[in-house]
Amino acid sequence: MRTTVGIVGAGPAGLMLARLLRLAGVDCVVLECRDRAYVERRQRAGVLEQGTADALRAAGAGERLDREGLPHDGIELRFGRRRHRVDFPDLTGGRRVTVYAQTEVCKDLIALAGTDGPPVLFEAEVLAVEDVDTDAPRIRFRRHGREEVLECAYVAGCDGFHGVCRAAVPAAVSRVHERSYPYAWLGVLADVPPSHDELVYARHDRGFALLSMRSPTVSRLYLQVPEDTKAEEWTDEEIWDELALRLETADDWRLERGPVTQKSVTPMRSYVHEPMRYGRLFLAGDAAHIVPPTGAKGLNLAVGDVVVLARALEHERRTGSTELLDAYSATCLRRVWQAERFSYDMTTLLHRDPGATAFDDRLQLARLDRIATSRSAAADLAEGYTGLPLG
């Protein structure tokens, strides 16, 4: 089997890249180790930056997004039982975000691929990525019990943090930057309408809490918990009680409760692999970087990466120049590090470190009060949250 671009992974990065290459007239094949049903139901991110939503629309994947997505013009910060709204359009010149789950993004892109897109081979386990430092990279994979080879001109590693592509970059040229956090998120899905019409980020002495949503009838909520927590250790009643306590306000706001349908624990880490390109292998999304989820940047960074990569591949096809491909890593990393900075700032602003002192607590509250009383500080948060321009 032969193609121009071999894409490993059918998450949002790989599927979006395939769509963009199809529109640019560049041949590609997507290899995904899981089946289609798994890809379309795995719960991940749910907040799309302005640039991400615009890129999906431009790629022809905006119809259901515009019909079912939930546009948000701000978030609410809570601390000391106070409520402060950050107005995105007012602070950013009109930018906003949209709540639309990663599962739905993947469904939309898979449907487009099935209609007029490149091949997406599900249940194709990639065994190795070889010869990426030559003009003829190869991807060895197993499908239906038979080992096959995909020969290509370029390889896009969109296979996540635990995939095989990053391992193809020699240790001698790899630089890893990472930070682990001494807490995690206990997340729940609940069949209850959201208790607020925008996301609520709460800083509390007992730890962080987040009120989010997946639809007008489904709530997504999170609690800061110790990093070694098991989801089954918490009963539904304990989760609701703790959420109500951490989200409490001085007015008459109340948390609505409902049946919990899913529980999970998400570790918190920051990770960047440099470079994001080696030879003819290009890393994108979680294969190259991880952010703590507080800043809602993971999916958006992945889309930013592949927009840059698709533009560079289309430029090479049209002009023969590899100038944009050669700049891929540096171009992406500028945006990646700004997203890492924003996610780190949001995480340390709102989470209580287990070893925090009274000084640390007062400093957190001072930072939050600064956002609540300074337009420039609020604008910095709003600009980071709604996202830097893609590319």
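Here the structure is shown first, and the text comes after it.
Residues numbered from 1 in each chain as written. Predicted model: local features only at pLDDT ≥ 70, side-chain atom pairs only at ≥ 80, totals over all residues. Heavy atoms only, no water.

**Q** So what exactly am I meant to see when it comes to the packing of helix H10 (residues 328–350) against helix H11 (residues 358–373) here?
**A** Working note: a packed helix pair is described by the angle between its axes plus the distance between those axes. Relative to each other, H10 and H11 sit at 120 degrees, their axes nearing to 8 Å. Residue-level inspection shows Asp345, Thr348, Leu349 and Leu350 of H10 in contact with H11, the latter providing Gln364, Arg367, Leu368 and Ile371. A class-by-class count of the residues in the contact of H10 with H11 yields four nonpolar, two polar and two charged. (Axes fitted to C-alpha atoms, helices over the stretch in contact; angles between N-to-C directions. Helix = DSSP H or I, 4+ residues; strand = E, 2+ residues; numbered from the N terminus. Contact = heavy atoms within 4.5 Å. Nonpolar A, V, L, I, M, F, W, Y, C, P; charged D, E, K, R; others polar.)

**Q** Explanation requested: the sheet that holds strand E7 (residues 97–99) in the structure shown.
**A** In sheet architecture, strand pairing relies on hydrogen bonds along the backbone and comes in two forms, parallel and antiparallel. Here three strands make up an open sheet; going across it, the order is E3-E7-E4 and the pairing antiparallel. The open sheet has two edge strands, strand E3 (47–48) and strand E4 (70–72), and neither has a second partner. Two elements, E4 and E7, share three bridges in a ladder whose sense is antiparallel. Its bridge partner being in E7, Pro71 is matched across the sheet by Thr98. (Pairing = 2+ DSSP bridges.)

**Q** Explanation requested: helix H3 (residues 50–58) in the structure shown.
**A** Of all the positions in H3, only Gln50, Gly51, Thr52, Ala53, Ala55 and Leu56 are classed as buried. Looking at the buried positions of H3, the neighbouring elements they touch are helix H1 (12–24), E3, helix H4 (63–68), helix H6 (102–116), helix H8 (298–319) and helix H12 (375–386). Count one or two residues on from H3 and you reach Gly60, which has phi positive near 85 degrees. (Buried < 20%, exposed > 50% of the residue type's maximum accessible area, 1.4 Å probe, protein only.)

**Q** Explain the sheet that holds strand E19 (residues 281–283) to me, please; I cannot follow it from the model alone.
**A** Spatially, E8-E2-E1-E12-E19-E18 is the arrangement adopted by the six strands of the open sheet, whose pairing is mixed. Both outer strands of the open sheet, strand E8 (120–121) and strand E18 (277–278), are each paired with one neighbouring strand and no more.

**Q** How should the packing of aromatic side chains be read in this particular structure?
**A** Aromatic ring pairs are defined here through the distance separating the ring centres and the angle between the ring planes. Under the defined criterion, the tally for this structure stands at 10 aromatic pairs. Aromatic pair Phe282 and Tyr328: ring centres 5.4 Å apart, planes at 80 degrees, arrangement edge-to-face. Of this pair, Phe282 sits in strand E19 while Tyr328 sits in helix H10, placing them 46 residues apart in sequence. One exposure class covers both Phe282 and Tyr328, and it is buried. Members of the aromatic cluster, joined through ring pairs, are Phe88, Trp185, Tyr201, Phe208, Tyr222, Phe342 and Tyr385. A cation sits over an aromatic face here: Arg34 above Tyr38, 4.2 Å from the ring centre. Across the ring face of Tyr385, the terminal group of Lys297 is positioned such that the distance to the ring centre comes to 5.5 Å. (Phe/Tyr/Trp six-rings, centres within 6.5 Å; stacked < 30°, edge-to-face > 60°. Lys NZ or Arg CZ within 6 Å of the ring centre and 35° of its normal.)

**Q** Hey, could you run me through the nonpolar core in this one?
**A** As a rule of thumb, nonpolar side chains are buried together in soluble globular proteins. If you look at the biggest cluster of nonpolar residues, it comprises 76 residues, and the most contacted ones within it are Val5, Ile7, Met16, Leu17, Leu21 and Leu31. If you tally residues by element for this core, the top one is H8, at 11 residues. In this structure Leu17 touches Ile7, Ala156, Cys158, Val306, Leu309 and Ala310, once residues within four positions along its chain are discounted. Counting residues in hydrophobic clusters, the runner-up holds 33 residues, among them Tyr222, Met268, Leu349 and Leu350. (Core = buried A, V, L, I, M, F, W, Y, C linked by side-chain atoms within 4.5 Å.)

**Q** So what exactly am I meant to see when it comes to a negative patch on the surface here?
**A** Together, Glu227, Asp228, Glu232 and Glu233 line one region of the surface with negative charge. On the secondary structure map, Glu232 appears in the loop between strand E16 (218–225) and helix H7 (236–246). (Patch = residues over 30% accessible without salt bridge, like charges linked within 9 Å, V, L, I, M, F, W, Y side chains within 5 Å. Areas by Shrake-Rupley, 256 points an atom, 1.4 Å probe, with all protein chains shown as cover. Salt bridge = Lys/Arg side-chain N within 4 Å of Asp/Glu carboxyl O. Lys, Arg positive; Asp, Glu negative; His and termini not counted. Charge placed at Lys NZ, Arg CZ, Asp CG, Glu CD.)

By themselves, these are just geometric observations and shouldn't be taken as functional.
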